[in-house]
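These are the residues of each chain, in order.
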Amino acid sequence: MKRLKLVSASAGQAHELLKPNSGYGSIKSLLISNADDTSGADWNFSLFIQTPSVDGKAAETFYILRHTVLPSGAAILLDDPGVISFDNEKYGLYLSMAAATAQLDVTIR
(Lines give C-alpha, C1' and ligand atoms only; values in the text may rest on other atoms or scores of the structure.)
Protein backbone atom coordinates (compact mmCIF):
# COMPACT_ATOMS: atom_id res chain seq x y z
CA MET A 1 0.00 0.00 0.00
CA LYS A 2 1.19 3.49 -0.81
CA ARG A 3 -0.21 6.64 0.82
CA LEU A 4 0.44 10.13 -0.45
CA LYS A 5 -0.61 13.57 0.78
CA LEU A 6 -0.63 15.93 -2.17
CA VAL A 7 -0.68 19.70 -1.91
CA SER A 8 -0.63 21.51 -5.20
CA ALA A 9 2.17 24.08 -5.45
CA SER A 10 0.87 25.45 -8.73
CA ALA A 11 -2.24 24.96 -10.83
CA GLY A 12 -1.88 22.11 -13.32
CA GLN A 13 1.22 20.64 -11.68
CA ALA A 14 1.40 16.86 -12.24
CA HIS A 15 2.22 14.72 -9.20
CA GLU A 16 3.85 11.38 -9.96
CA LEU A 17 1.98 8.68 -8.03
CA LEU A 18 3.81 5.73 -9.63
CA LYS A 19 6.72 6.18 -11.99
CA PRO A 20 7.03 4.02 -15.10
CA ASN A 21 8.81 0.72 -14.50
CA SER A 22 8.48 1.12 -10.73
CA GLY A 23 7.73 -2.58 -10.25
CA TYR A 24 4.62 -1.78 -8.21
CA GLY A 25 2.53 -4.49 -9.86
CA SER A 26 -1.19 -4.34 -10.41
CA ILE A 27 -3.31 -1.81 -8.58
CA LYS A 28 -6.26 -3.28 -6.70
CA SER A 29 -7.78 0.04 -5.64
CA LEU A 30 -7.15 3.76 -5.66
CA LEU A 31 -8.77 6.09 -3.11
CA ILE A 32 -8.65 9.85 -3.68
CA SER A 33 -9.92 12.03 -0.81
CA ASN A 34 -10.43 15.77 -0.54
CA ALA A 35 -8.46 16.46 2.64
CA ASP A 36 -9.73 20.03 2.93
CA ASP A 37 -12.86 20.26 5.09
CA THR A 38 -13.26 24.00 4.45
CA SER A 39 -16.70 24.81 3.09
CA GLY A 40 -16.52 25.36 -0.66
CA ALA A 41 -13.11 23.70 -1.03
CA ASP A 42 -14.19 21.65 -4.06
CA TRP A 43 -11.05 20.57 -5.93
CA ASN A 44 -10.84 19.86 -9.66
CA PHE A 45 -8.32 17.15 -10.56
CA SER A 46 -7.30 14.81 -13.37
CA LEU A 47 -5.90 11.28 -13.03
CA PHE A 48 -3.93 9.89 -15.96
CA ILE A 49 -1.29 7.45 -17.16
CA GLN A 50 1.61 8.64 -19.29
CA THR A 51 4.70 7.31 -21.03
CA PRO A 52 7.98 9.19 -20.59
CA SER A 53 9.19 11.47 -23.40
CA VAL A 54 12.08 9.69 -25.11
CA ASP A 55 14.38 10.89 -27.90
CA GLY A 56 12.14 13.82 -28.80
CA LYS A 57 9.04 11.64 -28.99
CA ALA A 58 6.15 13.25 -27.13
CA ALA A 59 4.69 11.45 -24.13
CA GLU A 60 1.46 9.50 -24.65
CA THR A 61 -1.24 10.50 -22.15
CA PHE A 62 -4.46 8.61 -21.38
CA TYR A 63 -6.96 10.03 -18.87
CA ILE A 64 -8.71 7.84 -16.31
CA LEU A 65 -10.55 10.84 -14.81
CA ARG A 66 -10.41 14.30 -16.36
CA HIS A 67 -11.53 17.60 -14.82
CA THR A 68 -13.28 15.76 -11.98
CA VAL A 69 -14.65 17.85 -9.12
CA LEU A 70 -14.28 16.36 -5.65
CA PRO A 71 -16.35 18.22 -3.02
CA SER A 72 -14.94 19.18 0.37
CA GLY A 73 -14.59 16.10 2.61
CA ALA A 74 -15.61 13.68 -0.18
CA ALA A 75 -13.70 10.72 -1.63
CA ILE A 76 -13.75 8.61 -4.77
CA LEU A 77 -12.81 4.92 -4.80
CA LEU A 78 -11.64 3.26 -8.00
CA ASP A 79 -11.59 -0.50 -7.56
CA ASP A 80 -12.61 -1.87 -10.96
CA PRO A 81 -9.58 -3.49 -12.64
CA GLY A 82 -10.98 -2.50 -16.03
CA VAL A 83 -10.64 1.15 -15.03
CA ILE A 84 -7.32 1.24 -13.15
CA SER A 85 -5.35 -1.57 -14.80
CA PHE A 86 -2.36 -0.49 -16.93
CA ASP A 87 1.15 -1.60 -17.90
CA ASN A 88 3.31 -0.06 -15.15
CA GLU A 89 6.50 -0.94 -17.06
CA LYS A 90 5.45 1.43 -19.84
CA TYR A 91 3.23 4.00 -18.08
CA GLY A 92 3.43 6.08 -14.93
CA LEU A 93 0.38 7.18 -12.92
CA TYR A 94 -0.10 10.91 -12.37
CA LEU A 95 -2.57 13.30 -10.77
CA SER A 96 -2.85 17.01 -11.51
CA MET A 97 -4.92 19.59 -9.65
CA ALA A 98 -6.44 22.71 -11.15
CA ALA A 99 -6.09 24.91 -8.04
CA ALA A 100 -2.79 26.01 -6.53
CA THR A 101 -4.09 25.38 -2.99
CA ALA A 102 -5.73 21.98 -3.53
CA GLN A 103 -5.16 19.22 -0.96
CA LEU A 104 -5.83 15.59 -1.83
CA ASP A 105 -4.92 12.33 -0.11
CA VAL A 106 -4.25 9.29 -2.32
CA THR A 107 -4.09 5.66 -1.18
CA ILE A 108 -2.95 3.03 -3.69
CA ARG A 109 -3.40 -0.68 -2.97
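Our subject is the structure that appears above.
S.K.: Give a description of unusual backbone geometry that names residues and reports values.
M.R.: The phi torsion at Asp55 lies on the positive side, around 50°, for a residue other than glycine. Of note, Asp55 is situated in the loop between strand S4 (43-50) and strand S5 (61-70). You will see that His67, though not glycine, has its phi angle at about 50°, which is positive. With respect to the helices and strands, His67 occurs in strand S5. Relative accessible area serves as the criterion here: at 54%, His67 is assigned to the exposed category.

S.K.: I'd like a rundown of the nonpolar core, residues and numbers included.
M.R.: If you look at the biggest cluster of nonpolar residues, it comprises 23 residues, and the most contacted ones within it are Ile32, Phe45, Leu47, Leu93 and Leu95. Counting residues per element, the ones that place at least two in this core are strand S2 (14-18), strand S3 (30-34), S4, S5, strand S7 (92-97) and strand S8 (103-108). Tallying contributions element by element places S4 first for this core, with four residues. If we skip the residues at most four places from it in the chain, Phe45 touches Ile32, Leu65, Arg66, His67, Thr68, Leu70, Ile76, Leu95, Ser96, Met97 and Leu104.

S.K.: Describe the sheet that holds S4, with residues and values.
M.R.: Here four strands make up an open sheet; going across it, the order is S2-S7-S4-S5 and the pairing antiparallel. Two strands bound the open sheet, and with one partner strand each, they are S2 and S5. Each strand axis lies, on average, 20° off the axis of its neighbour in the sheet, ignoring direction. In the sheet, S2 pairs with S7 via four bridges, with the strands oriented antiparallel.

Thresholds applied
- Counting from 1, residues in each chain are numbered in the order their sequence is written.
- At least 70 in pLDDT is required for a residue's local features to be given in this predicted model, at least 80 for side-chain atom pairs to be given and counted, and no such filter applies to totals for whole chains, interfaces and linings, which use all residues.
- Neither water nor hydrogens contribute to the side-chain values; these are computed over all heavy atoms in the structure.
- Working definition: helices are DSSP H or I runs of at least four residues, strands are E runs of at least two. Numbering for both runs from the N terminus.
- Burial classes: relative accessible area under 20% of the type maximum marks a residue as buried, over 50% as exposed, and values in between as partly exposed (1.4 Å probe, protein chains only).
- For this analysis, a nonpolar core means a set of buried residues of the types Ala, Val, Leu, Ile, Met, Phe, Trp, Tyr and Cys, connected via side-chain atoms within 4.5 Å.
- Only heavy atoms enter the contact rule, under which two residues are in contact if any of them lie within 4.5 Å.
- A pair of strands is considered paired only if DSSP assigns at least 2 bridges between the two.
- In this description, a line fitted to the C-alpha atoms serves as the axis of each element, helices being fitted only across the stretch in contact, and the angle between N-to-C directions of two axes falls anywhere from 0 to 180 degrees.

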